[in-house]
Amino acid sequence: MKVSYHGHSVVKVETGTKTILFDPFISGNEACDLDADTIKADVILLTHGHNDHVGDTFEIAKRSNALVIAPNELAEYLGNKGLKTHPMHIGGKHNFDFGQVKFTQAFHGSAYTQEDGSTVYTGMPAGILLTIDGKTIYHVGDTGLFSDLKLIGEMNDIDVAFVPIGDNFTMGPEDALVATKWINAKTTVPVHYNTFPVIEQDPDAFAEKVSVGEGKAMKIGDVLEL
């Protein structure tokens, strides 16, 4: 299984038979190396409804007939727009043909701004545990620090965790370092930084300070083999 990072919170998982995208914010994301007009996906996993996470979901899902898995209210909104969706919610898990998905808590907001400027509330934000062939990827989502991350780390054998470090909208590096101790992943990758001036951070400095497992500041397009 190949796991690659593509800027902001965009993560791609390739299993050999399926391509899975987390939070495909591609258009308008100068750091992203993917092409929103050509990339295909079988599954899109969304942590919450903010535009910089829903991103190009509409276009990719329609072109690829991808299944969009998202928190219930967001999935309902996208389903009403014609996408194929599977609604889930915090604490729930489901076994799909590609693996298991479980949604976890995240402390953040969730609303989608439409083209006319109106805002649609899209339910609770979340993190996502994706388990395939005995390997678990934890996309923490946009969140502040919260103590149940310790429970999540104790209850799951996490191979790689994608943890936000940008500050202002999410955890900053100091809080994220505490989170990495609780999550207890074999590899921790910082995400959600440097996309906008207000979230500029040094991912290499953060990775060097990770004290549990390995901290790895992935460059755009870097791939981890699991």
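Along every chain, residues carry numbers that run from 1 in the direction the sequence is written. Totals for whole chains, interfaces and linings use every residue, but because this is a predicted model, local features are given only for residues with pLDDT of at least 70 and side-chain atom pairs only at 80 or more, for both listing and counting. Side-chain numbers come from the whole structure's heavy atoms, not from hydrogens or water.

(A) Up close: the overall build of the protein. Along its length, the protein carries six helices and 16 strands. Relative to the compact-globule value of 17 Å for 226 residues, the protein shows a C-alpha radius of gyration of 16 Å, a close match. Counting only C-alpha atoms and orienting by the principal axes, one finds that the protein spans roughly 45 × 40 × 30 Å. Taken over 226 residues, the protein has a buried fraction of 52%. Runs of E in the DSSP output that reach at least two residues are strands. Runs of H or I that reach at least four are helices, and both are numbered from the N terminus. Within these notes, the globule rule equals 2.2 Å times the number of residues to the 0.38 power, and the radius of gyration is based on C-alpha atoms. Here the term buried applies to any residue with accessible area under 20% of the maximum for its type, exposed to any over 50%, and partly exposed to those in between, with areas from a 1.4 Å probe on protein chains only.

(B) A look at a negative patch on the surface. Together, Asp35, Asp37, Glu59, Glu115 and Asp116 make up a negatively charged patch on the protein surface. Locating Glu115 in the fold gives a position in the loop between strand E9 (111–113) and strand E10 (119–121). Within this analysis, patches are made of residues with over 30% relative accessible area and no salt bridge. Like charges are joined at 9 Å or less; nonpolar side chains (Val, Leu, Ile, Met, Phe, Trp, Tyr) at 5 Å or less. With residues, only the protein chains shown are counted as cover, and all accessible areas are computed by Shrake-Rupley using a 1.4 Å probe. For salt bridges, the criterion is a side-chain nitrogen of Lys or Arg within 4 Å of an Asp or Glu carboxyl oxygen. By the counting rule applied here, Lys and Arg register as positive and Asp and Glu as negative, while His and the ends of each chain are not counted. The atom standing in for a charge is NZ when the residue is Lys, CZ when it is Arg, CG when it is Asp and CD when it is Glu.

(C) Highlighting the sheet that holds strand E15 (residues 214–215). Strand order in the open sheet formed by seven strands is E7-E8-E11-E12-E13-E14-E15, with mixed pairing between adjacent strands. Only two strands of the sheet have a single neighbouring strand rather than two, namely strand E7 (93–95) and E15. Where helix H5 (residues 173–183) meets the sheet, it contacts strand E12 (135–139), strand E13 (160–164) and strand E14 (187–191), and its direction lies at approximately 155° from that of E13. For two strands to be treated as a pair, DSSP must find at least two bridges joining them. When checking whether two residues touch, look at their non-hydrogen atoms; a contact exists if any pair is within 4.5 Å. With axes taken as lines fitted to C-alpha atoms, and helix axes fitted only over the stretch in contact, angles between N-to-C directions fall between 0 and 180 degrees.

(D) Highlighting the sheet that holds strand E5 (residues 67–71). If you walk across this open sheet you meet the seven strands as E6-E5-E4-E3-E2-E1-E16, and the pairing is mixed. Strand pairing shows two members of the sheet lacking a second neighbour, strand E6 (84–88) and strand E16 (223–225), which therefore form its edges. Looking at each pair of strands side by side, their axes are set apart by 20° on average, direction ignored. Sheet topology note: the strand E3 (residues 19–22)/strand E4 (residues 43–45) ladder contains three bridges and is parallel. What sits directly across from Phe22, in E4, is Leu45. Across the sheet, helix H2 (residues 57–64) lies against E3, E4 and E5, angled at about 160° from E4, the strand it touches most. This element, helix H3 (residues 72–80), spans E5 and E6 of the sheet and lies at about 140° to E5.

(E) The arrangement of the packing of aromatic side chains in detail. The criterion for an aromatic pair is that two Phe, Tyr or Trp rings (for Trp, the six-membered ring) have centres within 6.5 Å, with stacked assigned to planes under 30 degrees apart, edge-to-face to planes over 60 apart and tilted to the rest. As enumerated under the stated definition, the model contains five aromatic pairs in all. Between Phe58 and Tyr77, the aromatic rings sit 6.5 Å apart at their centres with planes inclined by 85°, giving edge-to-face as the arrangement. Pair noted here: Phe58 is in helix H2 and Tyr77 is in helix H3, with a separation of 19 residues, a long-range link. Both residues of the pair, Phe58 and Tyr77, belong to the buried class. With a centroid separation of 5.9 Å and an interplanar angle of 55°, the aromatic rings of Phe58 and Tyr112 are classed as tilted. With Phe58 in helix H2 and Tyr112 in strand E9, the pair connects residues that are 54 residues apart, well separated along the chain. Accessibility expressed as a relative area gives 13% for Phe58, which makes it buried. Judged by relative accessible area, which is 12%, Tyr112 ranks as buried. Aromatic rings pair up to connect Phe58, Tyr77 and Tyr112 into one cluster.

(F) Summary view of the nonpolar core. Core analysis: the biggest nonpolar cluster contains 45 residues, and Ile69, Val101, Leu130 and Ile183 have the highest contact counts within it. Filtering out sequence-adjacent residues up to four positions away, Leu130 remains in contact with Val13, Ile20, Phe22, Leu45, Phe98, Gln100, Val101, Lys135, Thr136 and Ile137. Buried residues of nine kinds, namely Ala, Val, Leu, Ile, Met, Phe, Trp, Tyr and Cys, make up a nonpolar core once their side-chain atoms join them within 4.5 Å. Counting residues in hydrophobic clusters, the runner-up holds 24 residues, among them Ala66, Leu74, Leu83 and Tyr112.

(G) Fine view of H5. Turning to H5, its buried residues number three or more, namely Pro173, Ala176, Leu177, Ala179, Thr180 and Ile183. End-on, the buried residues of H5 take up no more than an arc of 160°, which puts them together on one face. Looking at the residues trailing H5, positive phi occurs at Asn184, about 60°. The arc under discussion is defined with respect to the helix axis, by the directions toward the C-beta atoms.

(H) Summary view of the side chain of Asp56. Along the polypeptide, Asp56 turns up in the loop between helix H1 (51–54) and H2. In terms of polar contacts, Asp56 uses its side chain to reach the backbone amide nitrogen of Ile26, at 2.9 Å. Residues in contact with Asp56, not counting those within four places in the same chain, are Pro24, Phe25, Ile26, Ser27 and Ala36. We call two N or O atoms a polar contact when they sit within 3.5 Å, provided that within protein one can donate a hydrogen and the other can accept it, with sequence-adjacent residues counted only if both atoms are side-chain atoms.

Function-wise, these values are silent; they only describe arrangement.
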